[in-house]
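Listed below, chain by chain, are the residues.
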Amino acid sequence: MTTSTPVCGIDFGTSNSGVAIVRDGVTEMVPVEGAHTTIPSAIFFPAKGEHPLYGRAAVEAYTIHEPGRLLRSLKSILGSELIAEKTAVGGQYRSFEDILVGYVQHLKAKAEAHAGCKISRVVMGRPVHFVDDNDVVDARAEAKLGDIARRAGFKSVAFQFEPIAAALSFEHTLASDELVFIADIGGGTADFSIVQVGPARRAKPNRADDILANDGIRVGGTNLDMRLSMSAVMPHLGSHAQSIKGLDLPRWPFVDLATWHRIHTIATPKNLHTLQQILSDCAEPELFQRYLDIIRQQTGHLLAARVEQCKIDLSSVDPAAIDLNGIVDDVTVTAGKHLFETAIVHELERIAATVAATLTAAGLERSEITTLFLTGGTAAVPAVKTLLLALLPQAHAVEGDLFNSVGFGLALEAQRHFARRKAA
Ligand SMILES: Nc1ncnc2c1ncn2[C@@H]1O[C@H](COP(=O)(O)OP(=O)(O)OP(=O)(O)O)[C@@H](O)[C@H]1O
Ligand SMILES: [Mg+2]
């Protein structure tokens, strides 16, 4: 089944985004930044009100200290009140929603440039749950993402769960039917689906019967970055220091600096006043001074990126250094795999509990799963992979394209969805 004009799928990820199109029955990833088929979900507003930069260009501008502001992980605020708030960027106040409209417009323009024509129909990916345990907020987050896509210029907007999109990508490669457990562990969420896939099922107009269960939690690579930062870096900035009176320092400054989507919320005049007070009360002011320097010099995102790089390095080496050059020049930090894996125990437990809940919802024993399809960048963390394999002992693991499976599958879904609507 083909559609005459191209349709697209957009995987708006917490850390990276991707776009795929289907035209004349052929599905392909769109080069969204140079030849790359993924783009960091990062936006940089130069101080002087020029147009924003997106992706690697945004990160680069920030890294070389161009005056301006970097925003990252904005997907994380979709379900929160923050989405309606305005923030000072590029010399004016803009709402986060408007900023995201610009981002989706940017992705749409890339798809259209590649297709050579306008594209008005999109399937947007969404996590199974934008937030944990709150269906109302969850529905609001999806509605908001729909508004954003329409305001970006799409006329028809549909949604699909990200792990189902990954299942469609996997199915695209299959020669026989399989029952697959999909684990899509990205930057912001861990999403799971159990799906019957295979060539005989591909053409079915309605796949509802093939989907045995979906579940997900708000645990992803950015949480692991936060834990690593809290364990390995924040003690050097005073997180374990006490006040002169012997009390613990407040935790929020450290948690916020270690949390990607909260970094830009720290430097308000009110907070700066409080932070200054913490410094005056601190028994080890030389440590907390480092913290304040990071806030004043706006190197918080750089720090988060260096911690993230250490986490990625830990997937293949042990120990790994956290390069603090240009952030805290008098400190060197090395983190070992053991420290990292100890720091993320809570996240691993939550992943394990959600895998179990997904199996229960499908009415399956863990031994009945024979294929585990892994996608999302955090599936590359050895402790995560080992855990999933231990939870599904009969499964053989298929490592998909960690960064493109969801986007590609969303385009397959767009083809199916819009062809069906046309036929209806
Ligand atoms: N080799 C690696 N080892 C460990 N983590 C990695 C590796 N490569 C990427 N990551 C992590 O994967 C995450 C990004 O993955 P991905 O691009 O799949 O997320 P996303 O799709 O943007 O997020 P989500 O789907 O949760 O909204 C980041 O936290 C990144 O640090
Ligand atoms: Mg993803």
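The rules behind the values
Residues numbered from 1 in each chain as written. Chains lettered and ligands numbered in written order. Predicted model: local features only at pLDDT ≥ 70, side-chain atom pairs only at ≥ 80, totals over all residues. Helix = DSSP H or I, 4+ residues; strand = E, 2+ residues; numbered from the N terminus. Near = placed C-beta within 6 Å. Domains from an automatic or database assignment. Contact = placed C-beta atoms within 7 Å. Pairing = 2+ DSSP bridges. Axes fitted to C-alpha atoms, helices over the stretch in contact; angles between N-to-C directions. Parallel < 35°, antiparallel > 145°, perpendicular 65-115°, else oblique. Nonpolar A, V, L, I, M, F, W, Y, C, P; charged D, E, K, R; others polar. Core = buried A, V, L, I, M, F, W, Y, C linked by C-beta atoms within 7 Å. Buried ≥ 20, exposed ≤ 12 C-beta atoms within 10 Å, placed from the backbone. Left-handed = near helix turned anticlockwise from the far one by under 90°.

A. Examining the environment of Asn 325 more closely. Among the structural elements, Asn 325 can be located in the loop between β15 (320–322) and β16 (333–335). With 23 residues separating them in the primary sequence, Asn 325 and Leu 302 have C-alpha atoms 9.9 Å apart.

B. Broad picture of the site of ligand 1. Close contacts around ligand 1 come from 23 residues, with Gly 13, Thr 14, Gly 186, Gly 221 and Gly 377 the closest. For the shell around ligand 1, the leading source of residues is helix α10 (residues 300–313), giving 3 residues. Split by domain, the shell around ligand 1 shows at least three residues from each of two domains, domain 1 (7–176 + 402–423) and domain 2 (222–333).

C. View of the domain arrangement of the protein chain. What the domain assignment lists for the protein chain is domain 1 (7–176 + 402–423) and domain 2 (222–333). Taken together, the 12 residues of domain 1 in the interface contact 6 residues of domain 2. When contributions to the side of domain 1 that touches domain 2 are tallied by element, the ones reaching two or more residues are α1 (56–63) and β7 (68–72). Element by element, the count of residues in the side of domain 1 that touches domain 2 is highest for β7, at 4 residues.

D. The arrangement of the pairing of strand β9 (residues 92–95) in detail. In the sheet, strand β8 (residues 86–89) pairs with β9 via 4 bridges, with the strands oriented antiparallel. Paired with Ala 88 across the strands is Tyr 93, a residue of β9.

E. Here's a closer look at the packing of helix α6 (residues 221–233) against α10. Remark: α6 packs on α10, axes separated minimally by 9 Å, with the N-to-C direction vectors making an angle of 100°. Between α6 and α10, the interaxial angle falls into the category roughly perpendicular. Between α6 and α10, the residues in contact are Leu 224, Asp 225, Leu 228, Ser 229 and Val 233 and Leu 303, Ala 304, Val 307, Glu 308, Cys 310 and Lys 311, respectively. Broken down by class, the residue content of the contact of α6 with α10 amounts to 7 nonpolar, 1 polar and 3 charged.

F. Spotlight on the sheet that holds β7. Strand order in the open sheet formed by 3 strands is β6-β5-β7, and the pairing between neighbours is antiparallel. Strand pairing shows two members of the sheet lacking a second neighbour, β6 (53–54) and β7, which therefore form its edges. Of the strand pairs in this sheet, strand β5 (residues 42–46) and β6 are connected by 2 bridges, and their pairing is antiparallel. Among the inter-strand pairings, Phe 44 is bridged to a residue of β6, identified as Leu 53.

G. Up close: the nonpolar core. Grouped together as the largest cluster of nonpolar side chains are 117 residues, with contacts concentrated most on Cys 8 and Phe 181. Residues from two domains meet in this core; each of domain 1 (7–176 + 402–423) and domain 2 (222–333) gives at least three. Apart from residues lying up to four places away in sequence, Cys 8 is in contact with Val 19, Ala 20, Ile 21, Ala 111, Ile 119, Val 122, Ala 411 and Ala 414.

H. A look at the packing of helix α8 (residues 269–281) against helix α9 (residues 285–296). Where α8 meets α9, the closest approach of the two axes is 8 Å, and the angle between their N-to-C directions is 160°. In terms of orientation, α8 lies roughly antiparallel with respect to α9. Note that α8 runs across α9; the crossing there is left-handed. Seen from α8, the contacting residues are Leu 275, Ile 278 and Leu 279; seen from α9, they are Pro 285, Phe 288, Gln 289, Leu 292 and Ile 295. Split into classes, the residues belonging to the contact of α8 with α9 amount to 7 nonpolar, 1 polar and no charged.

I. Looking closely at the sheet that holds strand β14 (residues 211–217). Strand order across the open sheet formed by 5 strands is β14-β13-β12-β17-β18, with mixed pairing between neighbours. Looking at which strands have only one partner, the edges of the open sheet turn out to be β14 and β18 (396–399). Sheet twist, expressed as the mean angle between neighbouring strand axes with direction ignored, is 20°. With 8 bridges connecting them, strand β12 (residues 178–185) and strand β13 (residues 190–197) associate as antiparallel partners. By the bridge assignment, Phe 181 is partnered in β13 with Ile 194.

J. Main features of unusual backbone geometry. Cis rather than trans, the peptide bond between Asp 318 and Pro 319 has omega equal to 0°. With respect to the helices, strands and loops of the structure, Pro 319 is situated in the loop between α10 and β15. Even without a glycine there, the phi angle at His 65 is positive, about 65°. Checked against the element boundaries, His 65 lands in the loop between α1 and β7. On the basis of neighbour count, His 65 is assigned to the exposed category, with 12 C-beta atoms found within 10 Å. Unlike most non-glycine residues, Ser 73 shows phi in positive territory, near 55°.

K. Region of interest: the pairing of β12. For β12, a buried count of 6 out of 8 residues is recorded, marking the element as mostly surrounded by other parts of the structure. Hairpin connection between β12 and β13: a loop of 4 residues separates the two successive antiparallel strands. Alignment of β12 against strand β17 (residues 371–375), held across 5 bridges, turns out to be parallel. Among the inter-strand pairings, Phe 181 is bridged to a residue of β17, identified as Leu 372.

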